[in-house]
Structure formats: C-alpha cells, structure tokens
Amino acid sequence: MKSRKAIALFLAGAMAAAALTACGGGSNDGQTTASGGGEETQAEASGGTLVVDFWTAPQQVQYDFWEGKAEAFNATGTQVNGQTVEVHVQQMPESPSSEAGIQNAIATGTAPAVSENINRGFAATLAASDVVYDLSAEDWFNDVIEARQMGDTMESWAIDGKQYVLPVYVNPMSWQWNMKALEVFGYDEAPTTIAELQDIMSQWNDKADELAAIGVTHSFYRPSLQRPDQYWDRWYDFMMPYDAISQGKSIVEGTTLTMDKDAAVKAMEVLGLFGNTIQQGELSSIWIEDQPSVLVTINAPWEISLYRESNKVYGEDYVYGPALVENEGDTPYCFADSKGLTFYKTDNISEDEHQGAVEFVKWVYNAENSAQTDLEWLNATTMLPVRGDLNENETFASVMEEYPELSALAQWVPYSMPGLATDKDADIWTAFTESAMSPYIGTVTGAEPGNAPDATSFVEAGMEAMKTAGGLS
C-alpha cells in the first residue's frame, strides 16, 4: 500500500477535480487504427496496434493514476480483432469549460473513446445527443457493478432508465456536528432523525448560557441561503434533506419536474427549525477554532487534513452524522459530488476502438482487480471510490481503521445521490432560490428556534419557477 501521506491530505481541493475540459483528441501519433468511417486500414489487415484514447480530469494525480493503469494494461497485450490494444492517456485542459471542451471535440471529430470526470447532468446532455453509449445491457458493465457492490448506487444514476456513466468516485455530504455542543443537549452521538433535531432546537434558548460557555453562538452555518448566484449550494442545503425525506425520489426526469412537494416542504422546514440562530455571515475555518461557534454544518470531507493538523479529534471535537430522516430506520439518502467514466459514440471512433476502450475498463475494474484499483485510487486522489463494501472489504481495512472519518463517510456511499439529470441545473436552482429558499429563510430568521414556519407556499412558488426556468412540465 502507498504511504498514508496522501490520505492525510484527504480531499483538500477535491472539488477542483470536478472541472472537466477537453482539447483535441483522437490522435494516434502516427499509429494506424480503424478509421472513423469504418474503413479497414493497412494495420488492421495485418494485425498492428489499435490506439485507444482515454481522457482524464485536468488533475495531475488523476492523470498519473490512469497513466499507470494504461501502462499495466498495455503490457497484457490484449487484442481486438487481431490488433493489440494500446491505451493512450491525455489530461484534459482546464479551459474553456468541461462541457464546451467535450462538445467541441465531438463536433470536430476528435473525441476520445472514453473519458472520466463526467457528472450525471452532463451525461444527460450527451445522451440527449446520442453521442454516448448506454451501458445498462452490457454484461461487463453489470459485472463491474456486482464486483464493486454498486447496486444501491446505480438506480440514482439512471437517465430515462438507461446507464451512461460508470461512477468512479463519490464525496458523500454529511451533517457535521460540534460534539461538545451536542453534549449540552444530552446527545453523545450524531442525531439521525428530524425529531431529534426538533428536540435539540426546542432546547436552544434554555441552553443559551451553557452554549455560550463553550463559545457556541449559532446553530447552523450557511451564508449562501439567500444568494441565488450561489445556486450550487442548493445541492447541499436543500437536496441533502430532500433526498433523505423523499427516500431518494427524483426532482427532474427528462423535461418533467418530478419533485415530491410534501417532501420538499418538509426539507425546507428542516432548515426552518434553526430559526433566528442561523449564521449567514461569512466565516472562515469554523471547525479549527479552539471553540467552534456553531452546532452544525453540512460538510463534505475536504477539510479532514486541516482538522488533523489543528489537533481536532474525530469523535471528540466533531462527528459526521447521516442525512436526517423522517422515520427511524429510513434510508439516509444524501447528495454527493460524484463523477465517472463515459464511452463516446461518434463518427471518429471505430467499433474496434470502442471495444478496445471497453477491454481496458473491464480489466481495470474486473472482479480480480477492482478492489486493488479502488485502493490505489483512494491513495492517489484522496477521493472515496464508488463501492458498497468500503467498510467490509479487507483491502480497505487498514485505511478505515486509521481514519475513522473515512469509515463514517464510507457507510453512506451506497446511498449517495448525484445531481439532476439536466443541463439546466443552474437555471433551475437559481429560480428555486429566488422564489422559495431566499424568501423562506427571510421568514425563518424572524422565528424562534424549534418553530419552523410553514414552507408550503414557498415551495409551490419555487416549483413553478423551476418549471419556467428549466422548460419543464
């Protein structure tokens, strides 16, 4: 196993890996392959080399990981129709944008056979243009899903009943609690239900002096609640409770708004329980203060290394809790930053090149290799791989034992849900913030903690705005 040094820097800057951009690809460096039009080349007729282009995220660690995998695979001498497959890896540039880069490559006939770093929203855009493969009926794809125990995850990745992405990594969102503040309210572990949050917030005013003694001045830190320009934050502060309360129900399917209104109202009212104790001012590094000033935030694991460097002890100073559910025993579905691999179906990519790309990915993630692949990914990138057995598989045991923070987050990987399957994400969430979230929070800030204002009219207005902004029915 590699040094734990990489893990000790866990997920610092992981969101930077979310950028997906592209430059001209499809170059075979003078080596012949099947042509985009399907014509047989001289090399094909005599065997030769089949070059397959693989694009990585614009991050050096991810390039290094995939380059290493390509070198190992190429050494196997795998063949497709008598040609030896040779995977060429190149890093995507960071501009002008991820979507523009891929779309430009498709338009100019320079798309790779396969790339990583694709989220569900962009996959939906590509699928609508019929330029990516549906993998759902592929035996090899389903074998990978089984090997990585991803069955619970894949339903949330479906787009119109089809699968266009093989998820690679996931960063589950969680409620991050101030352990010392929880103890003031009589809790020795993270709450799991909305009723427990209701209980805590109903005690808030009575516990004010005890909270002040440990430096706690506010319940919940979220400076973007009333900012439509920070639309992406709705993935965390709205989708987080919505996914849990609705038990994983969709919000958008195709061109239809499918959001469960009752669940949306309850999700808004979870935020409403914090009342006038929400901290909306910009603060920095709350969790490394000697006395953190808030009870809870919604966090991803990107600051674990910072906490450790600041001598913060998981389980003593802070603890991760699941998405709050309505009923004890409900599944704690949560939003997650997650991306994966997509295979391109364009004129410049021959069937042999596609099959070569499939052979590479099959080899990387087959039953024999998948656990070691995912361990190497975790060590190299410091992002959790998408698999359902991170806390049970002995391959990961030493990492999870050394880093209980990771073990806590890993238990929610199977229930982590990606974003909306639409390229109108920004428009939809901006409209929702303007019409629902911002005005509702304006009302909440005048309410006593533990007494959430009725969110029904706000959600109704928000849903109408979402339909208009996203062109949804």
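This text follows the structure it describes.
We now turn to the structure provided with this report. (Residues numbered from 1 in each chain as written. Predicted model: local features only at pLDDT ≥ 70, side-chain atom pairs only at ≥ 80, totals over all residues. Heavy atoms only, no water.)

A tally of helices and strands in the protein chain yields 20 helices and 14 strands. The proportion of buried residues among the 473 residues of the protein chain is 57%. Of the accessible surface of the protein chain, which amounts to about 18100 Å², a share of 44% is contributed by carbon and sulfur atoms. (Helix = DSSP H or I, 4+ residues; strand = E, 2+ residues; numbered from the N terminus. Buried < 20%, exposed > 50% of the residue type's maximum accessible area, 1.4 Å probe, protein only. Areas by Shrake-Rupley, 256 points an atom, 1.4 Å probe, with all protein chains shown as cover.)

Considered as a void within the structure, the largest pocket measures approximately 740 Å³ in volume. Along its surface, the largest pocket is lined by 40 residues, and R120, A158, V252, E253 and A421 are the ones closest to its centre. Contributing elements (two or more residues each) for the lining of the largest pocket: α5 (120–128), α7 (151–154), α12 (239–245), β8 (252–253) and β14 (416–417). Of all the elements, α5 adds the most residues to the lining of the largest pocket, at five residues. (1 Å grid on protein atoms, 1.4 Å probe; cavity = no way out; pocket = protein on both sides within 12 Å on 5 of 7 lines; lining within 4 Å. Points joined across faces, edges and corners; volume = space filled by probe spheres on them.)

This paragraph deals with helix α9 (residues 194–202). Here α9 has its buried residues at I194, L197, I200 and M201. Within α9, the buried residues cover an arc of 115° as seen down the axis, which keeps them to one side. (Arc of directions from axis to C-beta.)

Attention shifts here to the packing of aromatic side chains. Applying the stated criterion across every chain, the model contains 31 aromatic pairs. On the numbers, 5.5 Å between centres and 90° between planes, the contact of W429 with F432 is edge-to-face. Highlighted residues: W429 and F432, both in helix α19 (residues 425–444), separated by three residues, approximately one helical turn. W429 sits in the buried class, given a relative accessible area of 0%. Members of the aromatic cluster, each reached through a chain of ring pairs, are F54, F65, W66, F73, Y169, F360, W363, Y365 and W377. Between K345 and the ring centre of Y133, over which it is positioned, the NZ or CZ distance is 5.6 Å. (Phe/Tyr/Trp six-rings, centres within 6.5 Å; stacked < 30°, edge-to-face > 60°. Lys NZ or Arg CZ within 6 Å of the ring centre and 35° of its normal.)

The topology assignment puts D425 in helix α19. We note that D425 is buried and unpaired, the nearest opposite charge coming from R120 at a distance of 8.4 Å. (Lys, Arg positive; Asp, Glu negative; His and termini not counted. Salt bridge = Lys/Arg side-chain N within 4 Å of Asp/Glu carboxyl O.)

Once that is clear, we can look at the pairing of strand β11 (residues 294–299). Within β11, six of the six residues are buried, which leaves the element mostly enclosed by the surrounding structure. With four bridges joining them, strand β6 (residues 174–178) and β11 adopt antiparallel strand pairing. Residue pairing in the sheet places Q176 in a bridge with T297 of β11. (Pairing = 2+ DSSP bridges.)

Before going further, it helps to spend a moment on the packing of helix α13 (residues 261–272) against α19. Relative to each other, α13 and α19 sit at 40°, their axes nearing to 10 Å. Judged on the interaxial angle alone, α19 and α13 are oblique. Between α13 and α19 lies a crossing of right-handed hand. Of α19, the residues touching α13 (which contributes M268, E269, L271 and G272) are F432, A436, M437, Y440, I441 and V444. The class makeup of the residues in the contact of α13 with α19 is eight nonpolar, one polar and one charged. (Axes fitted to C-alpha atoms, helices over the stretch in contact; angles between N-to-C directions. Parallel < 35°, antiparallel > 145°, perpendicular 65-115°, else oblique. Left-handed = near helix turned anticlockwise from the far one by under 90°. Contact = heavy atoms within 4.5 Å. Nonpolar A, V, L, I, M, F, W, Y, C, P; charged D, E, K, R; others polar.)

Moving on: the sheet that holds strand β7 (residues 218–221). The sheet built from five strands is open, its strands ordered β10-β7-β11-β6-β12 with mixed pairing. Each edge of the open sheet is held by one strand with a lone partner, namely β10 (278–279) and β12 (318–321). One ladder, built from four bridges, connects β6 with β12; its direction is antiparallel. Across the sheet, residue Q176 finds its bridge partner in β12, namely Y320.

By the definition in use, this model includes 17 salt bridges. Between R387 and D374 there is a salt bridge, and its shortest N-O distance comes to 2.8 Å. Note that R387 is positioned in the loop between α16 (370–381) and α17 (397–402) and D374 in helix α16, a separation of 13 residues in sequence. Residues R387 and D374 agree in their burial class; the two are buried. One connected set of salt bridges, linked through shared partners, spans R148, D374, R387 and D389.

So, about the environment of V89. Tracing the backbone shows V89 in strand β3 (residues 83–91). Its relative accessible area of 12% is what places V89 among the buried residues. C-alpha separation for the pair V89 and E71, spaced 18 residues apart in sequence, amounts to 9.4 Å.

Looking now at the pairing of β3. Direction of pairing for strand β1 (residues 49–56) relative to β3: parallel, over a ladder of eight bridges. Paired with F54 across the bridge in β3 is V89. Hairpin geometry of strand β2 (residues 79–80) and β3 is characterised by an intervening segment of two residues between the two adjacent antiparallel strands and by a positive phi of about 50° at N81.

The subject of this paragraph is the nonpolar core. F238 and I251 are the most contacted members of the largest nonpolar core, which has 147 residues in total. Among the elements that take part in this core, α19 stands out by supplying eight residues, more than any other. Excluding residues within four positions of it along the chain, I251 makes contact with F238, M239, Y242, T256, L257, T258, M259, L420, W429 and M466. (Core = buried A, V, L, I, M, F, W, Y, C linked by side-chain atoms within 4.5 Å.)

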